[in-house]
2 protein chains.
Amino acid sequence: WARAVRGLLLDVSGVLYDSGGDGGVPIAGSVEAVRRIKASGLKLQFCTNETQATRENFVKKLQGMGFDISVAEVTAPAPAACRLLKERSLRPHLLVHDDLLPEFDEIDKGNPNCVVLGDAAENFTYANLNEAFRVLMGLEKPVLISLGRGRYYKETDGLKLDVGAYMKALEYACDVEAEVVGKPAKAFFESALAELGVPPQQAIMIGDDILNDVGGAQRCGMRALQVRTGKYRPSDENHPQVTPDAYVTNLAEAVDIILQQL
Amino acid sequence: WARAVRGLLLDVSGVLYDSGGDGGVPIAGSVEAVRRIKASGLKLQFCTNETQATRENFVKKLQGMGFDISVAEVTAPAPAACRLLKERSLRPHLLVHDDLLPEFDEIDKGNPNCVVLGDAAENFTYANLNEAFRVLMGLEKPVLISLGRGRYYKETDGLKLDVGAYMKALEYACDVEAEVVGKPAKAFFESALAELGVPPQQAIMIGDDILNDVGGAQRCGMRALQVRTGKYRPSDENHPQVTPDAYVTNLAEAVDIILQQL
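The model shown is predicted, which means the values in this text are computed figures rather than measured ones. (Residues numbered from 1 in each chain as written. Chains lettered and ligands numbered in written order. Predicted model: local features only at pLDDT ≥ 70, side-chain atom pairs only at ≥ 80, totals over all residues. Heavy atoms only, no water.)

**Q** Is there a simple way to think about the domain arrangement of chain A in this case?
**A** How big an interface is tends to be expressed through the accessible area that disappears when the partners come together. All names here are of chain A. With domains assigned, chain A is organised as domain 1 (7-49 + 183-260) and domain 2 (87-180). Distance between the C-alpha centres of domain 1 and domain 2: 25 Å. Of the roughly 1,000 Å² buried at the junction of domain 1 and domain 2 (both faces included), carbon and sulfur atoms supply 50%. For domain 1, the biggest contributors to the area lost against domain 2 are Ser19, Lys231 and Arg233; these three give 37% of the whole. Taken together, the links from domain 1 to domain 2 amount to 0 salt bridges. A per-class count over the side of domain 1 that touches domain 2 returns 4 nonpolar, 6 polar and 5 charged. (Domains from an automatic or database assignment. Buried area = accessible area lost by both parts, 1.4 Å probe. Salt bridge = Lys/Arg side-chain N within 4 Å of Asp/Glu carboxyl O. Nonpolar A, V, L, I, M, F, W, Y, C, P; charged D, E, K, R; others polar.)

The following block contains the structure:
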(Lines give C-alpha, C1' and ligand atoms only; values in the text may rest on other atoms or scores of the structure.)
Protein backbone atom coordinates (compact mmCIF):
# COMPACT_ATOMS: atom_id res chain seq x y z
CA TRP A 1 0.00 0.00 0.00
CA ALA A 2 2.97 2.36 0.48
CA ARG A 3 4.27 2.42 -3.12
CA ALA A 4 4.05 5.22 -5.71
CA VAL A 5 3.09 7.90 -3.21
CA ARG A 6 3.59 11.57 -4.00
CA GLY A 7 1.46 13.26 -1.40
CA LEU A 8 -0.20 12.79 1.99
CA LEU A 9 -3.43 14.14 3.41
CA LEU A 10 -3.33 14.15 7.20
CA ASP A 11 -6.26 14.38 9.55
CA VAL A 12 -5.28 16.52 12.55
CA SER A 13 -7.22 15.75 15.74
CA GLY A 14 -6.44 12.19 16.85
CA VAL A 15 -3.51 11.93 14.42
CA LEU A 16 -1.29 14.90 15.26
CA TYR A 17 -2.66 15.59 18.74
CA ASP A 18 -5.43 14.76 21.18
CA SER A 19 -7.64 17.81 21.72
CA GLY A 20 -8.89 18.88 25.11
CA GLY A 21 -9.98 21.75 27.31
CA ASP A 22 -6.32 22.53 28.05
CA GLY A 23 -5.58 22.87 24.31
CA GLY A 24 -4.56 19.27 23.91
CA VAL A 25 -1.34 17.28 23.73
CA PRO A 26 0.71 16.06 20.75
CA ILE A 27 0.58 12.35 20.02
CA ALA A 28 4.00 10.76 20.55
CA GLY A 29 6.18 10.97 17.44
CA SER A 30 3.79 13.14 15.40
CA VAL A 31 5.73 16.42 15.55
CA GLU A 32 8.81 14.66 14.22
CA ALA A 33 6.75 12.70 11.66
CA VAL A 34 5.45 15.93 10.09
CA ARG A 35 9.03 17.25 9.86
CA ARG A 36 10.19 14.04 8.20
CA ILE A 37 7.37 14.18 5.61
CA LYS A 38 8.37 17.73 4.69
CA ALA A 39 12.08 16.84 4.53
CA SER A 40 11.27 13.88 2.25
CA GLY A 41 9.88 16.04 -0.56
CA LEU A 42 6.42 14.43 -0.32
CA LYS A 43 3.59 16.91 -0.75
CA LEU A 44 1.54 17.46 2.38
CA GLN A 45 -1.90 18.92 3.15
CA PHE A 46 -3.82 18.81 6.41
CA CYS A 47 -7.47 17.85 5.92
CA THR A 48 -9.52 18.51 9.04
CA ASN A 49 -13.14 18.81 10.09
CA GLU A 50 -12.05 21.14 12.89
CA THR A 51 -14.70 23.80 13.43
CA GLN A 52 -13.98 24.96 16.96
CA ALA A 53 -11.56 27.67 15.84
CA THR A 54 -10.56 29.74 12.83
CA ARG A 55 -7.81 28.19 10.75
CA GLU A 56 -5.48 30.94 12.00
CA ASN A 57 -5.98 30.08 15.65
CA PHE A 58 -6.02 26.36 15.00
CA VAL A 59 -2.65 26.61 13.24
CA LYS A 60 -1.24 28.80 16.03
CA LYS A 61 -2.23 26.17 18.60
CA LEU A 62 -0.54 23.41 16.59
CA GLN A 63 2.59 25.52 16.04
CA GLY A 64 2.66 26.05 19.81
CA MET A 65 2.89 22.27 20.21
CA GLY A 66 5.85 22.22 17.83
CA PHE A 67 4.15 21.29 14.54
CA ASP A 68 5.49 22.67 11.26
CA ILE A 69 2.16 23.81 9.78
CA SER A 70 0.79 26.92 8.08
CA VAL A 71 -2.72 28.19 7.29
CA ALA A 72 -2.33 27.54 3.55
CA GLU A 73 -1.67 23.86 4.29
CA VAL A 74 -5.02 23.39 6.06
CA THR A 75 -8.24 22.39 4.27
CA ALA A 76 -11.15 23.02 6.68
CA PRO A 77 -14.96 23.12 6.42
CA ALA A 78 -15.68 26.76 7.29
CA PRO A 79 -13.95 28.34 4.28
CA ALA A 80 -15.57 25.70 2.05
CA ALA A 81 -18.97 26.55 3.54
CA CYS A 82 -18.40 30.28 2.91
CA ARG A 83 -17.74 29.56 -0.78
CA LEU A 84 -20.97 27.54 -0.97
CA LEU A 85 -23.01 30.23 0.84
CA LYS A 86 -21.78 32.91 -1.57
CA GLU A 87 -22.39 30.76 -4.66
CA ARG A 88 -25.99 30.11 -3.64
CA SER A 89 -26.80 33.48 -2.03
CA LEU A 90 -27.52 31.78 1.28
CA ARG A 91 -27.68 33.85 4.46
CA PRO A 92 -26.90 31.58 7.41
CA HIS A 93 -28.18 31.38 10.93
CA LEU A 94 -24.98 30.11 12.58
CA LEU A 95 -24.93 27.47 15.30
CA VAL A 96 -21.17 27.18 15.65
CA HIS A 97 -18.39 27.62 18.19
CA ASP A 98 -17.77 31.26 19.19
CA ASP A 99 -14.16 30.93 18.08
CA LEU A 100 -15.24 30.00 14.54
CA LEU A 101 -17.39 33.12 14.02
CA PRO A 102 -14.64 35.26 12.42
CA GLU A 103 -14.55 32.83 9.45
CA PHE A 104 -18.05 34.11 8.60
CA ASP A 105 -17.28 37.84 9.00
CA GLU A 106 -17.76 38.55 5.30
CA ILE A 107 -21.02 36.64 5.03
CA ASP A 108 -24.44 38.34 5.05
CA LYS A 109 -26.35 36.87 7.98
CA GLY A 110 -29.48 39.06 7.87
CA ASN A 111 -32.90 37.44 7.49
CA PRO A 112 -31.48 33.87 7.44
CA ASN A 113 -32.53 31.38 4.75
CA CYS A 114 -30.45 28.45 6.00
CA VAL A 115 -28.77 27.08 9.12
CA VAL A 116 -25.04 26.32 9.30
CA LEU A 117 -24.17 23.83 12.00
CA GLY A 118 -20.60 23.32 13.28
CA ASP A 119 -19.13 21.64 16.32
CA ALA A 120 -20.58 24.29 18.61
CA ALA A 121 -19.53 22.45 21.81
CA GLU A 122 -20.75 24.52 24.80
CA ASN A 123 -22.95 26.47 22.37
CA PHE A 124 -25.02 23.28 21.90
CA THR A 125 -27.51 24.49 24.48
CA TYR A 126 -31.19 23.61 24.62
CA ALA A 127 -32.04 27.23 23.78
CA ASN A 128 -29.64 27.44 20.81
CA LEU A 129 -30.82 24.13 19.37
CA ASN A 130 -34.46 25.24 19.63
CA GLU A 131 -33.57 28.53 17.93
CA ALA A 132 -31.84 26.82 14.98
CA PHE A 133 -34.79 24.43 14.75
CA ARG A 134 -37.28 27.31 14.59
CA VAL A 135 -35.29 29.05 11.84
CA LEU A 136 -35.45 25.84 9.79
CA MET A 137 -39.15 25.32 10.46
CA GLY A 138 -39.85 28.89 9.41
CA LEU A 139 -38.38 28.29 5.93
CA GLU A 140 -40.53 27.08 3.10
CA LYS A 141 -37.74 24.70 2.09
CA PRO A 142 -35.38 24.21 5.04
CA VAL A 143 -31.66 24.19 4.15
CA LEU A 144 -29.34 22.69 6.77
CA ILE A 145 -25.59 22.81 6.10
CA SER A 146 -23.45 20.75 8.46
CA LEU A 147 -19.70 21.23 8.85
CA GLY A 148 -18.97 17.50 9.01
CA ARG A 149 -21.03 14.52 10.09
CA GLY A 150 -18.72 13.02 12.72
CA ARG A 151 -20.37 10.95 15.42
CA TYR A 152 -17.94 11.72 18.25
CA TYR A 153 -14.35 12.53 19.01
CA LYS A 154 -12.00 11.99 21.87
CA GLU A 155 -10.70 14.78 24.04
CA THR A 156 -8.23 14.45 26.88
CA ASP A 157 -11.16 14.20 29.33
CA GLY A 158 -13.18 11.67 27.33
CA LEU A 159 -15.45 11.15 24.34
CA LYS A 160 -17.61 14.05 23.13
CA LEU A 161 -20.58 14.10 20.77
CA ASP A 162 -19.57 15.61 17.44
CA VAL A 163 -21.57 17.82 15.08
CA GLY A 164 -23.06 14.79 13.29
CA ALA A 165 -25.16 13.87 16.31
CA TYR A 166 -26.73 17.33 16.43
CA MET A 167 -27.14 17.27 12.66
CA LYS A 168 -29.18 14.07 13.02
CA ALA A 169 -31.33 15.69 15.72
CA LEU A 170 -32.23 18.61 13.44
CA GLU A 171 -32.61 16.40 10.36
CA TYR A 172 -35.14 14.27 12.22
CA ALA A 173 -37.01 17.16 13.81
CA CYS A 174 -37.34 19.06 10.51
CA ASP A 175 -37.57 16.04 8.20
CA VAL A 176 -34.71 17.35 6.03
CA GLU A 177 -31.39 15.96 4.88
CA ALA A 178 -28.36 18.07 5.74
CA GLU A 179 -25.78 19.03 3.12
CA VAL A 180 -22.41 18.09 4.56
CA VAL A 181 -19.40 20.35 3.98
CA GLY A 182 -16.22 18.66 5.23
CA LYS A 183 -15.15 15.04 5.38
CA PRO A 184 -16.50 12.59 4.17
CA ALA A 185 -18.01 14.75 1.35
CA LYS A 186 -16.35 13.97 -1.96
CA ALA A 187 -16.16 17.65 -2.97
CA PHE A 188 -14.21 18.38 0.20
CA PHE A 189 -11.60 15.66 -0.41
CA GLU A 190 -11.34 16.82 -4.02
CA SER A 191 -10.58 20.37 -2.95
CA ALA A 192 -7.94 19.07 -0.50
CA LEU A 193 -6.40 17.02 -3.33
CA ALA A 194 -6.40 20.08 -5.59
CA GLU A 195 -4.53 22.01 -2.90
CA LEU A 196 -2.17 19.04 -2.47
CA GLY A 197 -1.56 19.03 -6.24
CA VAL A 198 -1.48 15.23 -6.53
CA PRO A 199 -4.01 12.88 -8.18
CA PRO A 200 -5.93 10.56 -5.84
CA GLN A 201 -4.09 7.45 -7.03
CA GLN A 202 -0.81 8.93 -5.75
CA ALA A 203 -2.11 10.21 -2.43
CA ILE A 204 -2.69 8.56 0.94
CA MET A 205 -5.12 9.82 3.59
CA ILE A 206 -4.15 9.12 7.21
CA GLY A 207 -6.85 9.48 9.84
CA ASP A 208 -8.38 8.07 13.02
CA ASP A 209 -12.00 8.03 11.79
CA ILE A 210 -12.98 4.87 9.95
CA LEU A 211 -15.94 6.47 8.16
CA ASN A 212 -15.08 10.13 7.66
CA ASP A 213 -11.35 9.79 6.96
CA VAL A 214 -10.88 6.28 5.61
CA GLY A 215 -14.22 5.64 3.92
CA GLY A 216 -14.45 9.15 2.48
CA ALA A 217 -10.93 9.14 1.03
CA GLN A 218 -11.30 5.67 -0.48
CA ARG A 219 -14.49 6.75 -2.25
CA CYS A 220 -12.36 9.42 -3.98
CA GLY A 221 -9.88 6.82 -5.24
CA MET A 222 -7.24 7.40 -2.59
CA ARG A 223 -5.59 4.88 -0.34
CA ALA A 224 -6.35 5.44 3.34
CA LEU A 225 -4.76 4.33 6.61
CA GLN A 226 -6.35 4.23 10.03
CA VAL A 227 -4.10 5.09 12.96
CA ARG A 228 -4.66 3.36 16.29
CA THR A 229 -4.69 6.72 18.09
CA GLY A 230 -7.37 9.35 18.77
CA LYS A 231 -10.91 8.01 18.55
CA TYR A 232 -9.76 4.65 17.10
CA ARG A 233 -11.51 1.72 18.77
CA PRO A 234 -10.61 -1.96 18.28
CA SER A 235 -14.16 -2.59 17.00
CA ASP A 236 -13.35 -0.35 14.00
CA GLU A 237 -11.30 -3.26 12.66
CA ASN A 238 -14.56 -5.20 12.10
CA HIS A 239 -16.39 -2.33 10.43
CA PRO A 240 -19.04 -3.78 8.10
CA GLN A 241 -18.59 -1.17 5.34
CA VAL A 242 -15.03 0.16 5.44
CA THR A 243 -11.63 -1.54 5.48
CA PRO A 244 -8.53 0.68 5.50
CA ASP A 245 -5.64 -0.14 3.16
CA ALA A 246 -3.66 -0.63 6.35
CA TYR A 247 -3.71 -0.04 10.09
CA VAL A 248 -0.75 1.67 11.71
CA THR A 249 0.09 2.20 15.37
CA ASN A 250 0.33 5.94 14.86
CA LEU A 251 1.41 8.59 12.35
CA ALA A 252 5.10 7.98 13.09
CA GLU A 253 4.82 4.33 12.03
CA ALA A 254 2.94 5.25 8.84
CA VAL A 255 5.67 7.73 7.93
CA ASP A 256 8.43 5.15 8.67
CA ILE A 257 6.87 2.71 6.21
CA ILE A 258 6.06 5.29 3.51
CA LEU A 259 9.53 6.86 3.57
CA GLN A 260 11.17 3.43 3.24
CA GLN A 261 9.40 3.00 -0.10
CA LEU A 262 10.53 6.31 -1.61
CA TRP B 1 -66.04 7.51 11.50
CA ALA B 2 -68.00 8.49 14.60
CA ARG B 3 -70.22 5.40 14.86
CA ALA B 4 -70.06 2.50 17.33
CA VAL B 5 -67.73 4.26 19.74
CA ARG B 6 -67.46 3.13 23.35
CA GLY B 7 -64.30 4.86 24.47
CA LEU B 8 -61.90 7.70 23.71
CA LEU B 9 -58.16 8.02 24.15
CA LEU B 10 -57.14 11.66 24.38
CA ASP B 11 -53.70 13.10 23.88
CA VAL B 12 -53.18 15.94 26.35
CA SER B 13 -50.66 18.58 25.22
CA GLY B 14 -51.98 20.31 22.10
CA VAL B 15 -55.47 18.80 22.58
CA LEU B 16 -56.47 19.79 26.11
CA TYR B 17 -54.01 22.66 26.55
CA ASP B 18 -50.97 24.38 25.08
CA SER B 19 -47.99 23.91 27.38
CA GLY B 20 -45.55 26.69 28.20
CA GLY B 21 -43.17 28.13 30.77
CA ASP B 22 -46.12 29.69 32.58
CA GLY B 23 -47.79 26.28 32.96
CA GLY B 24 -49.80 26.61 29.77
CA VAL B 25 -53.33 27.58 28.79
CA PRO B 26 -56.41 25.43 28.07
CA ILE B 27 -57.47 25.18 24.44
CA ALA B 28 -60.87 26.81 23.95
CA GLY B 29 -63.74 24.39 24.62
CA SER B 30 -61.56 21.52 25.90
CA VAL B 31 -62.43 21.76 29.60
CA GLU B 32 -66.12 21.54 28.74
CA ALA B 33 -65.49 18.80 26.14
CA VAL B 34 -63.90 16.52 28.77
CA ARG B 35 -66.90 17.07 31.06
CA ARG B 36 -69.30 16.22 28.26
CA ILE B 37 -67.44 12.99 27.44
CA LYS B 38 -67.69 11.91 31.08
CA ALA B 39 -71.37 12.85 31.28
CA SER B 40 -72.09 10.84 28.11
CA GLY B 41 -71.06 7.51 29.62
CA LEU B 42 -68.23 7.02 27.09
CA LYS B 43 -65.10 5.55 28.60
CA LEU B 44 -62.16 7.93 28.71
CA GLN B 45 -58.41 7.54 29.16
CA PHE B 46 -55.71 10.17 28.65
CA CYS B 47 -52.74 8.85 26.66
CA THR B 48 -49.77 11.20 26.86
CA ASN B 49 -46.05 11.19 26.16
CA GLU B 50 -45.63 13.86 28.84
CA THR B 51 -42.34 13.30 30.66
CA GLN B 52 -41.67 16.73 32.14
CA ALA B 53 -43.51 15.95 35.36
CA THR B 54 -44.77 13.07 37.49
CA ARG B 55 -48.30 12.02 36.69
CA GLU B 56 -49.36 13.47 40.07
CA ASN B 57 -48.05 16.93 39.28
CA PHE B 58 -49.21 16.79 35.68
CA VAL B 59 -52.74 15.97 36.80
CA LYS B 60 -52.64 18.73 39.45
CA LYS B 61 -51.68 21.26 36.79
CA LEU B 62 -54.55 20.16 34.54
CA GLN B 63 -57.02 20.19 37.44
CA GLY B 64 -55.85 23.74 38.14
CA MET B 65 -56.93 24.66 34.62
CA GLY B 66 -60.37 23.19 35.30
CA PHE B 67 -60.00 19.73 33.74
CA ASP B 68 -61.83 16.77 35.30
CA ILE B 69 -58.92 14.32 35.34
CA SER B 70 -57.33 11.92 37.83
CA VAL B 71 -53.99 10.06 37.99
CA ALA B 72 -55.62 6.68 37.28
CA GLU B 73 -56.98 8.04 34.00
CA VAL B 74 -53.52 8.91 32.67
CA THR B 75 -51.33 6.49 30.69
CA ALA B 76 -47.78 7.93 30.57
CA PRO B 77 -44.34 6.64 29.55
CA ALA B 78 -42.45 6.81 32.86
CA PRO B 79 -44.52 4.18 34.72
CA ALA B 80 -44.36 1.96 31.61
CA ALA B 81 -40.58 2.38 31.52
CA CYS B 82 -40.30 1.44 35.20
CA ARG B 83 -42.17 -1.82 34.54
CA LEU B 84 -39.79 -2.59 31.66
CA LEU B 85 -36.68 -1.75 33.73
CA LYS B 86 -37.79 -4.08 36.52
CA GLU B 87 -38.71 -6.91 34.15
CA ARG B 88 -35.28 -6.82 32.52
CA SER B 89 -33.18 -5.93 35.60
CA LEU B 90 -32.00 -2.73 33.92
CA ARG B 91 -30.38 0.01 36.00
CA PRO B 92 -30.83 3.32 34.21
CA HIS B 93 -28.69 6.37 33.83
CA LEU B 94 -31.48 8.96 33.64
CA LEU B 95 -31.43 11.91 31.27
CA VAL B 96 -34.86 13.28 32.11
CA HIS B 97 -36.55 16.38 33.46
CA ASP B 98 -35.86 17.02 37.16
CA ASP B 99 -39.60 16.97 37.83
CA LEU B 100 -39.88 13.42 36.45
CA LEU B 101 -37.23 11.94 38.78
CA PRO B 102 -39.68 10.87 41.55
CA GLU B 103 -41.25 8.38 39.09
CA PHE B 104 -37.95 6.46 39.27
CA ASP B 105 -37.54 6.58 43.07
CA GLU B 106 -38.02 2.81 43.43
CA ILE B 107 -35.59 1.93 40.64
CA ASP B 108 -31.98 0.82 41.27
CA LYS B 109 -29.77 3.31 39.46
CA GLY B 110 -26.34 2.09 40.66
CA ASN B 111 -23.74 1.04 38.07
CA PRO B 112 -26.01 1.82 35.08
CA ASN B 113 -26.47 -0.69 32.26
CA CYS B 114 -28.79 1.44 30.12
CA VAL B 115 -29.80 5.05 29.45
CA VAL B 116 -33.37 6.29 29.82
CA LEU B 117 -34.06 9.45 27.85
CA GLY B 118 -37.08 11.67 28.46
CA ASP B 119 -38.01 15.18 27.44
CA ALA B 120 -35.30 16.63 29.66
CA ALA B 121 -35.82 20.22 28.36
CA GLU B 122 -33.28 22.47 30.14
CA ASN B 123 -31.44 19.31 31.24
CA PHE B 124 -30.52 18.72 27.58
CA THR B 125 -27.16 20.38 28.13
CA TYR B 126 -23.97 19.64 26.22
CA ALA B 127 -22.47 18.14 29.40
CA ASN B 128 -25.49 15.92 30.14
CA LEU B 129 -25.70 14.65 26.56
CA ASN B 130 -22.00 13.80 26.58
CA GLU B 131 -22.43 12.00 29.89
CA ALA B 132 -25.33 9.86 28.61
CA PHE B 133 -23.32 9.17 25.46
CA ARG B 134 -20.32 7.97 27.48
CA VAL B 135 -22.50 5.65 29.57
CA LEU B 136 -23.79 4.06 26.37
CA MET B 137 -20.33 3.80 24.81
CA GLY B 138 -19.05 2.14 27.99
CA LEU B 139 -21.57 -0.71 27.67
CA GLU B 140 -20.74 -3.84 25.73
CA LYS B 141 -24.22 -3.75 24.22
CA PRO B 142 -25.67 -0.22 24.58
CA VAL B 143 -29.35 -0.08 25.60
CA LEU B 144 -31.13 3.21 24.99
CA ILE B 145 -34.73 3.56 26.16
CA SER B 146 -36.56 6.65 24.93
CA LEU B 147 -39.76 7.96 26.49
CA GLY B 148 -41.36 8.79 23.16
CA ARG B 149 -39.96 9.66 19.76
CA GLY B 150 -41.72 12.97 19.12
CA ARG B 151 -39.94 15.41 16.82
CA TYR B 152 -41.16 18.63 18.41
CA TYR B 153 -44.03 20.21 20.25
CA LYS B 154 -45.50 23.64 20.58
CA GLU B 155 -45.31 25.68 23.73
CA THR B 156 -46.86 29.09 24.28
CA ASP B 157 -43.51 30.69 23.31
CA GLY B 158 -42.92 28.58 20.20
CA LEU B 159 -41.82 25.19 18.89
CA LYS B 160 -39.42 23.08 20.96
CA LEU B 161 -37.37 20.03 20.02
CA ASP B 162 -38.86 16.92 21.59
CA VAL B 163 -37.13 13.85 23.00
CA GLY B 164 -37.06 12.13 19.58
CA ALA B 165 -34.50 14.59 18.24
CA TYR B 166 -32.12 13.83 21.11
CA MET B 167 -32.86 10.13 20.75
CA LYS B 168 -31.71 10.35 17.11
CA ALA B 169 -28.52 12.15 18.15
CA LEU B 170 -27.59 9.36 20.58
CA GLU B 171 -28.73 6.60 18.20
CA TYR B 172 -26.43 7.98 15.52
CA ALA B 173 -23.46 8.63 17.81
CA CYS B 174 -23.63 5.14 19.37
CA ASP B 175 -24.90 3.28 16.31
CA VAL B 176 -27.82 1.79 18.27
CA GLU B 177 -31.56 1.74 17.86
CA ALA B 178 -33.55 3.09 20.79
CA GLU B 179 -36.41 1.16 22.34
CA VAL B 180 -39.36 3.55 22.49
CA VAL B 181 -41.69 3.50 25.49
CA GLY B 182 -44.69 5.76 24.86
CA LYS B 183 -46.58 6.66 21.72
CA PRO B 184 -46.33 5.47 18.94
CA ALA B 185 -45.20 2.11 20.41
CA LYS B 186 -47.90 -0.53 19.98
CA ALA B 187 -47.40 -1.91 23.50
CA PHE B 188 -48.08 1.54 24.93
CA PHE B 189 -51.37 1.99 23.06
CA GLU B 190 -52.36 -1.53 24.06
CA SER B 191 -51.80 -0.76 27.72
CA ALA B 192 -53.86 2.45 27.35
CA LEU B 193 -56.65 0.43 25.70
CA ALA B 194 -56.50 -2.13 28.52
CA GLU B 195 -56.95 0.68 31.04
CA LEU B 196 -59.76 2.10 28.90
CA GLY B 197 -61.43 -1.32 28.88
CA VAL B 198 -62.56 -1.07 25.25
CA PRO B 199 -61.36 -3.02 22.19
CA PRO B 200 -59.50 -0.99 19.54
CA GLN B 201 -62.38 -1.24 17.04
CA GLN B 202 -64.63 0.66 19.47
CA ALA B 203 -62.12 3.31 20.48
CA ILE B 204 -61.03 6.61 18.91
CA MET B 205 -57.70 8.32 19.54
CA ILE B 206 -57.71 12.13 19.34
CA GLY B 207 -54.36 13.87 19.03
CA ASP B 208 -52.40 16.68 17.41
CA ASP B 209 -49.43 14.55 16.27
CA ILE B 210 -49.91 12.95 12.87
CA LEU B 211 -47.29 10.23 13.45
CA ASN B 212 -47.26 9.52 17.17
CA ASP B 213 -50.98 9.89 17.87
CA VAL B 214 -52.75 9.18 14.59
CA GLY B 215 -50.31 6.76 12.93
CA GLY B 216 -49.58 4.85 16.15
CA ALA B 217 -53.26 4.42 17.07
CA GLN B 218 -54.28 3.34 13.57
CA ARG B 219 -51.59 0.63 13.60
CA CYS B 220 -53.35 -0.78 16.68
CA GLY B 221 -56.67 -0.99 14.86
CA MET B 222 -58.17 2.17 16.32
CA ARG B 223 -59.70 5.09 14.48
CA ALA B 224 -57.77 8.32 14.97
CA LEU B 225 -58.57 12.02 14.55
CA GLN B 226 -56.15 14.87 14.17
CA VAL B 227 -57.14 18.16 15.81
CA ARG B 228 -56.10 21.41 14.16
CA THR B 229 -54.65 22.68 17.44
CA GLY B 230 -51.29 22.27 19.21
CA LYS B 231 -48.47 21.29 16.90
CA TYR B 232 -50.82 20.66 13.96
CA ARG B 233 -49.49 22.18 10.72
CA PRO B 234 -51.42 22.43 7.44
CA SER B 235 -48.70 20.35 5.75
CA ASP B 236 -49.74 17.41 7.98
CA GLU B 237 -52.77 17.06 5.70
CA ASN B 238 -50.46 15.91 2.89
CA HIS B 239 -48.52 13.45 5.02
CA PRO B 240 -47.15 10.72 2.76
CA GLN B 241 -47.68 7.85 5.23
CA VAL B 242 -50.56 8.72 7.53
CA THR B 243 -54.13 9.89 6.89
CA PRO B 244 -56.41 10.43 9.90
CA ASP B 245 -59.95 9.07 9.85
CA ALA B 246 -60.96 12.72 10.11
CA TYR B 247 -59.68 16.20 10.86
CA VAL B 248 -61.47 18.31 13.44
CA THR B 249 -61.03 21.95 14.38
CA ASN B 250 -60.44 21.03 18.00
CA LEU B 251 -61.46 18.58 20.70
CA ALA B 252 -64.78 20.34 21.21
CA GLU B 253 -65.80 19.74 17.59
CA ALA B 254 -64.76 16.07 17.78
CA VAL B 255 -66.89 15.59 20.89
CA ASP B 256 -69.87 17.36 19.27
CA ILE B 257 -69.79 14.93 16.36
CA ILE B 258 -69.18 11.80 18.44
CA LEU B 259 -71.93 12.58 20.96
CA GLN B 260 -74.43 13.15 18.13
CA GLN B 261 -73.87 9.54 17.04
CA LEU B 262 -74.50 7.97 20.45
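Back to the text.
**Q** How do you make sense of the packing of aromatic side chains when you look at a structure like this?
**A** How two aromatic rings sit relative to each other is set out by the distance from centre to centre and by the angle between their planes. Scanning the model with the defined rule gives 5 aromatic pairs over all chains in all. Residues A:Tyr152 and B:Phe133 carry aromatic rings whose centres are separated by 5.4 Å and whose planes lie at 45° to one another, so their mutual orientation is tilted. With A:Tyr152 in strand β9 (residues 152-155) and B:Phe133 in helix α4 (residues 126-137), this residue pair bridges two chains. Like B:Phe133, A:Tyr152 is buried. (Phe/Tyr/Trp six-rings, centres within 6.5 Å; stacked < 30°, edge-to-face > 60°. Helix = DSSP H or I, 4+ residues; strand = E, 2+ residues; numbered from the N terminus. Buried < 20%, exposed > 50% of the residue type's maximum accessible area, 1.4 Å probe, protein only.)

**Q** Please clarify how the relation of the copies chain A and chain B should be interpreted in this entry.
**A** Between the two copies of the chain lies a rotation about an axis combined with a shift along it. Mapping chain A onto chain B is achieved by rotating through 180° and translating by 0.0 Å along the same axis, at an RMSD of 0.0 Å. Taken together, the turn and the small shift mark the pair as related by a two-fold rotation axis. When the interface residues of chain A are mapped onto chain B, 100% of them are again interface residues, pointing to one common binding face. (Least-squares fit on C-alpha atoms with pLDDT ≥ 70 in both. Contact = heavy atoms within 4.5 Å.)

**Q** Would you mind going over the pairing of strand β7 (residues 114-117) of chain A with me for this structure?
**A** Regular strands place their side chains on alternate faces of the sheet. Residues and elements named next belong to chain A. Taking every second residue as pointing to the same face, both faces of β7 are buried, with Cys114 and Val116 on one and Val115 and Leu117 on the other. Across 4 bridges, the pairing between strand β6 (residues 92-95) and β7 is parallel. Counted as the bridge partner of Pro92 is Cys114 from β7. By the bridge criterion, 3 bridges tie β7 to strand β8 (residues 144-147) in an arrangement that is parallel. Its bridge partner being in β8, Val115 is matched across the sheet by Leu144. A crossover connection joins β7 to the parallel β8 through helix α4 (residues 126-137); in handedness this β-α-β unit is right-handed. (Pairing = 2+ DSSP bridges. Right-handed = clockwise from strand over helix to strand, strands pointing away.)

**Q** Would you mind showing me how to read the sheet that holds strand β11 (residues 179-181) of chain A here?
**A** Sheet strands pair by backbone hydrogen bonding; their relative direction is either parallel or antiparallel. Residues and elements named next belong to chain A. As summarised here, the arrangement of the 4 strands in space is β6-β7-β8-β11, forming an open sheet in which the pairing is parallel. In this open sheet, the two edge strands, each paired with only one partner strand, are β6 and β11. The sheet shows a mean angle of 25° between the axes of neighbouring strands, direction not considered. In the packing of helix α3 (residues 77-87) onto the sheet, contacts are made with β6, β7, β8 and β11, and the angle to β11 comes to roughly 130°. (Axes fitted to C-alpha atoms, helices over the stretch in contact; angles between N-to-C directions.)

**Q** Honestly, unusual backbone geometry in this entry has me stumped. Any pointers?
**A** Across the junction of A:Lys183 and A:Pro184, the peptide omega takes the value 5°, indicating a cis bond. Mapped onto the elements of the fold, A:Pro184 is located in the loop between β11 and α6 (186-196). Phi at B:Ala121 takes a positive value of approximately 50°, unusual for a residue other than glycine.

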